Amino acid sequence: MLDQDAQEFRRHIARWVDERLVPQAESLDRKGEFPHELFHELASLGYLGALYPESIGGSGLANPYTCFAVLCEELSRGSMGFAAGVCMQGSTATYTLYEWGDKALHERFLLPALRGERIGAFAITEPNSGSDAASLRTRATNVEGGYVINGSKIFTTHGTVADFITVVATTDPARGLKGLELFVVDTKTKGFSVGRKLDKFTIHCSDTAELVFDNVFVPEECRLGDGEGGGFLNAYKSLTVDRVFTAALAVGNGQAAYDAALRYAKERVQFGQPIGKFQAVQFKLVDMLAVLEQARLYTYYVAGRADRGEPITTEAALAKLVAADGCNDVCQKALNIFGGYGLMNEYPMQRFLRDSYFPIIGGGTSDIMRLIVARQLGL
Ligand SMILES: Cc1cc2nc3c(=O)[nH]c(=O)nc-3n(C[C@H](O)[C@H](O)[C@H](O)COP(=O)(O)OP(=O)(O)OC[C@H]3O[C@@H](n4cnc5c(N)ncnc54)[C@H](O)[C@@H]3O)c2cc1C
């Protein structure tokens, strides 16, 4: 399924995950803080630029979408919280800058982000606007030399640690989606503040926050896109790409849960034999493997399409839907195989299950994926 280069890429990152991330995953989850040290360690190995060409400071890989999906999957096998942060940095927060930023913006934000020196975020969701992006209220008012942004954002990954944030704001609420534009905001700008850090059920070591924009001035050159009404469409493309990587996050976490459950089924003895000898446990494990294999194959099929420049709107939504819902089910079955130990915090099973809910919601809910596909089918 993966070519030689991608397999080699997987071997390298898998080794780092096993040696560095897996041993720390539990404590990262318990602390619930952004793991600066580990993040910089991964950055120093060059992985944050895996999606981009060498000309803009990236790794220049032959199949960048496939390799970035491999990176997301492998990291998520260790810790989905950590992986979600890398996915934000290496894709969501930087993709629109890569596509639409000029040389000056690349040098100021993109290159330092790919080196791990500046942390990026992407903020579209608001307290009253999630799935329905057209209803967002954060307002960008045109003034001399740029725009002034007012409003608030919620659920922003890297919200408390970001050095810059790509923000979606409306220049004209009456124009709905066409009025939405993208702005890169330096978080040192006057008027920007973190409303609060959010405490959450899932991916504990991924930082999540509510943000406040109170008369934040953004110079004209920090507006991304090629004209009025283009901004959201740019964001939309980056969100589409991200669905493939979120599917990979789901698969990696599901794989970790499956591996742990398979090991446990061979070790745990009840009624005089390993529980894996009971057909009910065997069937669960086989069903889990079937879902994982399908989700992984389809995710890499879509990543391959992206590498070849083929359309992925339908396929990326399907990949996220199949992987997110399927791997949540894998984690539920895995927890079941662990019995009471599955519910104990000293075992990772509860973390795998908690984290498996993130891909179902983050980047658009599973029902919104169904909606996207239904629209593509002309329904
Ligand atoms: C951990 C985490 C990290 C996140 N990181 C970011 C980030 O970095 N940046 C960012 O901008 N956002 C981020 N999000 C926000 C995420 O993208 C939204 O939560 C998601 O898009 C859903 O929006 P909502 O929560 O407002 O739910 P709502 O849109 O209010 O949806 C609630 C329910 O209604 C359903 N629903 C809504 N509309 C329809 C419809 N038309 N048809 C059928 N069902 C519908 C949904 O499927 C869902 O079940 C993050 C979320 C989480 C949980």
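The rules behind each value
- Residues numbered from 1 in each chain as written.
- Predicted model: local features only at pLDDT ≥ 70, side-chain atom pairs only at ≥ 80, totals over all residues.
- Heavy atoms only, no water.
- Helix = DSSP H or I, 4+ residues; strand = E, 2+ residues; numbered from the N terminus.
- Buried < 20%, exposed > 50% of the residue type's maximum accessible area, 1.4 Å probe, protein only.
- Polar contact = N/O pair within 3.5 Å; in protein donor to acceptor, adjacent residues only side chain to side chain.
- Domains from an automatic or database assignment.
- Contact = heavy atoms within 4.5 Å.
- Buried area = accessible area lost by both parts, 1.4 Å probe.
- Salt bridge = Lys/Arg side-chain N within 4 Å of Asp/Glu carboxyl O.
- Nonpolar A, V, L, I, M, F, W, Y, C, P; charged D, E, K, R; others polar.
- Axes fitted to C-alpha atoms, helices over the stretch in contact; angles between N-to-C directions.
- Parallel < 35°, antiparallel > 145°, perpendicular 65-115°, else oblique.
- Left-handed = near helix turned anticlockwise from the far one by under 90°.

## Remarks on the side chain of Arg351
Turning to step 1, where the next piece is worked out: Looking at where Arg351 falls in the secondary structure, it is placed in helix 9 (residues 349-355).
Turning to step 2, where the next piece is worked out: For Arg351, a relative accessible area of 5% puts it in the buried group.
Turning to step 3, where the next piece is worked out: Polar side-chain contacts of Arg351 include one of 2.9 Å to the side chain of Glu26.

## Things to note about the domain arrangement of the protein
Turning to step 1, where the next piece is worked out: We note that the domain assignment places domain 1 (4-118), domain 2 (121-227) and domain 3 (232-376) within the protein.
Turning to step 2, where the next piece is worked out: Centre-to-centre, using C-alpha coordinates, domain 1 lies 23 Å away from domain 2.
Turning to step 3, where the next piece is worked out: Taken together, the contact between domain 1 and domain 2 spans 28 residues of the former and 23 residues of the latter.
Turning to step 4, where the next piece is worked out: Taking both partners together, domain 1 and domain 2 bury about 2100 Å²; carbon and sulfur atoms supply 68% of that area.
Turning to step 5, where the next piece is worked out: Contact with domain 2 buries surface across domain 1, with Met88, Trp100 and Arg118 losing the most and accounting together for 26% of the total.
Turning to step 6, where the next piece is worked out: Our enumeration of links across domain 1 and domain 2 arrives at two salt bridges.
Turning to step 7, where the next piece is worked out: By residue number, the principal contributor to the side of domain 1 that touches domain 2 is helix 4 (residues 80-100), which donates 13 residues.
Turning to step 8, where the next piece is worked out: In terms of residue class, the side of domain 1 that touches domain 2 is built from 13 nonpolar, ten polar and five charged.

## A word on the packing of helix 4 against helix 5 (residues 103-114)
Two measures define how a pair of helices packs: the angle their axes make with one another and the distance between the axes.
Turning to step 1, where the next piece is worked out: Running from N to C, helix 4 and helix 5 point in directions that differ by 165 degrees, and their axes come no closer than 10 Å. Classified by the angle their axes make, helix 4 and helix 5 are roughly antiparallel. In the packing of helix 4 onto helix 5, the handedness of the crossing is left-handed. When helix 4 is examined against helix 5, the residues Gln89, Thr94, Leu97 and Tyr98 are found in contact with a partner set consisting of Leu105, His106, Phe109, Leu110, Ala113 and Leu114.
Turning to step 2, where the next piece is worked out: When the residues that make up the contact of helix 4 with helix 5 are grouped by side-chain class, the tally is seven nonpolar, three polar and no charged.

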